[in-house]
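# Results of the structural survey
One letter stands for each residue in the lines below.
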Amino acid sequence: MSLTYNQEFKDPELSKALVARIREKSARPLRIMEVCGTHTMAIFRYGIRSVLPDTITLLSGPGCPVCVTAQKDIDAYVMLARRPDVILTTFGDLMKVPGSGSSLAAEKAKGADVRMVYSIFDALSVAKENPDKEIVFCAVGFETTIPTIAGGILTAKAQGINNFSVYSANKLTPPALAALMETDGVEIDGFILPGHVSVITGPDAFAPSFEKYRIPAVVTGFEPVDILKALLMLVEQNASQAPRLVNAYPRAVADAGNPKARAIMDQVFEKADALWRGIGNIPDSGMVLRDLFHEVDAARKFDISIPDTPEPAGCDCGQILMGLKRPDQCRLYKKACTPIHPVGPCMVSSEGACAAFYKYSR
Ligand code: SF4
């Protein structure tokens, strides 16, 4: 029987062989970060942590867009949801993320018109169906999602949909990795780089950081064979002290990435400093709407002024996203903070490290 495309990358025999080689080659302790939340979930789901030697510590990185959305941005969404003239449209993951005093789910329960959508184009449909309301789309994503959001904005403009706007909390991945490497106490021996982001950016987007810090880095996919192969490469590169930036996901990631998607993204958005939850301000790591699109920019269309508020006491999300702590080292984990009553965003998102730890760790 022939294997399907994906089954080939789930092959148990090949996976076992890769684990054996990792065990054989792994001599000294290594701290390896999977940057992307989808990798975090795949690593837990396939039980990869449990088959690795004790020498390898896997750390979750800042690649879960909901987890790194600043509390201030959640507060802005809450403020918008409270307006009687607004229908707020959002991806489902954002609903339960706590702001400083409320969440979108709480506002919805109190009667606000907050609707879950699967893409910006669903939000455009809501706008067409409700011409007497202002529809705001909560744009929270990385390079993987931003081109589609840009496409939605161009469509709104082309179709003259004037009751539609976007509040952008979009972010870029490479500046976050660069900022991470500048942070005191962060020690990483290898990066599993995000496959989805690299489909758009190409692996070269990570080259400046790689050239500066010379830390082994492998772009890979999300099946067990992909992840184990990347881990083996990282172990080998460490052993030979020959760091490289490798594209181990050529079936999806072209060397040039997707230039068309990047062009659409750059047509609509431009770089700006951005606040990352628990991490702080990272220069040029955000994507805000260009002046040409000011009429679709909810941050300019509405009077939004959000005071600075402290993040929830005891929540270590920021340290977890920088690889400084494990979720079970947070004193609120499984006590005050659970998926039913999350204190921080890392417990809310389906890609959050704390949620993954809670679901899969024994
Ligand atoms: S367990 Fe909860 S409180 Fe602790 S870091 Fe994770 S999300 Fe924050």
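Since this is a predicted model, take the numbers as computed values, not measurements.

## A look at empty space enclosed by the protein
Tallied over the entire structure, the rule returns 4 cavities of 30 Å³ or more. Size it by volume and the largest cavity reaches roughly 90 Å³. Together, L177, A178, M181, F191, L193, F206, S209, F210, Y213, I215 and A217 line the largest cavity. Broken down by class, the residue content of the lining of the largest cavity amounts to 10 nonpolar, 1 polar and no charged.

## Things to note about the sheet that holds strand β2 (residues 56-63)
Taken in spatial order, the 5 strands of this open sheet run β2-β1-β8-β9-β10, and their pairing is parallel. In this open sheet, the two strands that pair with only one neighbour each are β2 and β10 (245-247). Looking at each pair of strands side by side, their axes are set apart by 20° on average, direction ignored. Note that strand β9 (residues 217-219) and β10 share 3 bridges and pair parallel. Bridging across to β10, V219 finds its partner in N247.

## Quick notes on the nonpolar core
In this structure, Y77, L88, L104 and F191 are the most contacted members of the largest nonpolar core, which totals 68 residues. Tallying contributions element by element places helix α4 (residues 71-81) first for this core, with 6 residues.

The rules behind the values
- Residues numbered from 1 in each chain as written.
- Predicted model: local features only at pLDDT ≥ 70, side-chain atom pairs only at ≥ 80, totals over all residues.
- Heavy atoms only, no water.
- 1 Å grid on protein atoms, 1.4 Å probe; cavity = no way out; pocket = protein on both sides within 12 Å on 5 of 7 lines; lining within 4 Å.
- Points joined across faces, edges and corners; volume = space filled by probe spheres on them.
- Nonpolar A, V, L, I, M, F, W, Y, C, P; charged D, E, K, R; others polar.
- Pairing = 2+ DSSP bridges.
- Helix = DSSP H or I, 4+ residues; strand = E, 2+ residues; numbered from the N terminus.
- Axes fitted to C-alpha atoms, helices over the stretch in contact; angles between N-to-C directions.
- Core = buried A, V, L, I, M, F, W, Y, C linked by side-chain atoms within 4.5 Å.
- Buried < 20%, exposed > 50% of the residue type's maximum accessible area, 1.4 Å probe, protein only.

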